[in-house]
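Given next are the chains, with one letter for each unit.
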Amino acid sequence: MIEWLFNPWVIIIVVVAVVIGNIAALKHTANMKFNQEDNVRSRKHELDRLNELDKQKYGDDDEDIKKGP
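The name an unreviewed UniProt entry gives the protein chain is DUF2897 family protein, with Vibrio barjaei as the organism.

Here it is, written out as C-alpha cells:
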C-alpha cells in the first residue's frame, strides 16, 4: 500500500510539481511593486503633522529642554 509512495514516478511528479509551483510564485512576485517611496513620504508627512499638533497642544517646550535646568 505504501510502496506506491516510493515509486520513482510518483517522486518525480511531486518534485516537478514543487519546482513548477516555485517558478510560478517567483514570476508572480517579480512583478509586484511595493511603492516604498510613497510610504516614506506619507509617513514623514504624518510625523510632521503630529509634531505640529504636539507643539500646538504643549507649546514650544523644545527650547526649555535644550537649555536644561
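Which residues make up the overall build of the protein chain, and what are the values?
Within the protein chain, the regular secondary structure consists of three helices and zero strands. Each helix (α) and strand (β) of the protein chain, taken in turn from the N terminus, gives the series α-α-α. Out of the 69 residues in the protein chain, the part that is buried amounts to 0%. By element, 63% of the accessible surface of the protein chain is carried by carbon and sulfur atoms, the whole surface being about 7,100 Å².

Provide a residue-level description of the UniProt feature "transmembrane region" (unreviewed entry) in the protein chain, including the pertinent values.
On the UniProt side, "transmembrane region" (unreviewed entry) is annotated at positions that read residues 6-26 here. End-to-end, the C-alpha atoms of residues 6-26 are 29 Å apart, and along that stretch the chain is 90% helix and 0% strand.

Give me the pattern of salt bridges: which residues, what numbers.
Enumeration over the complete set of coordinates arrives at one salt bridge. In this structure, Arg49 and Glu52 form a salt bridge, with 3.4 Å as the shortest nitrogen-oxygen distance. You can see Arg49 and its partner Glu52 sitting in helix α2 (residues 36-58), three residues apart, about one turn around the helix. Given a relative accessible area of 42%, Arg49 falls into the partly exposed group. Classification of Glu52 by relative accessible area gives partly exposed; the value is 44%.

Before we move on, can you summarise a nonpolar patch on the surface with the specific residues and values?
Together, Met1, Ile2, Trp4, Leu5 and Phe6 make up an exposed nonpolar region whose accessible area comes to about 670 Å². Examined against the element boundaries, Met1 turns out to sit in the segment before α1 (8-30). Look at Met1 and you get exposed, because its relative accessible area is 80%.

Break down the confidence of the model for the protein chain for me, with residues and values.
Per-chain confidence: the protein chain averages 81 in pLDDT, with 75% of residues scoring 70 or above. Model confidence for the protein chain, summarised as mean pLDDT per element, is weakest for helix α3 (residues 62-67) at 55 and strongest for α1 at 94.

The rules behind these values
- Residues numbered from 1 in each chain as written.
- Predicted model: local features only at pLDDT ≥ 70, side-chain atom pairs only at ≥ 80, totals over all residues.
- Heavy atoms only, no water.
- Helix = DSSP H or I, 4+ residues; strand = E, 2+ residues; numbered from the N terminus.
- Buried < 20%, exposed > 50% of the residue type's maximum accessible area, 1.4 Å probe, protein only.
- Areas by Shrake-Rupley, 256 points an atom, 1.4 Å probe, with all protein chains shown as cover.
- UniProt positions renumbered as here; feature names shortened; annotations may be inferred.
- Salt bridge = Lys/Arg side-chain N within 4 Å of Asp/Glu carboxyl O.
- Patch = residues over 30% accessible without salt bridge, like charges linked within 9 Å, V, L, I, M, F, W, Y side chains within 5 Å.
- pLDDT = per-residue confidence, 0-100.

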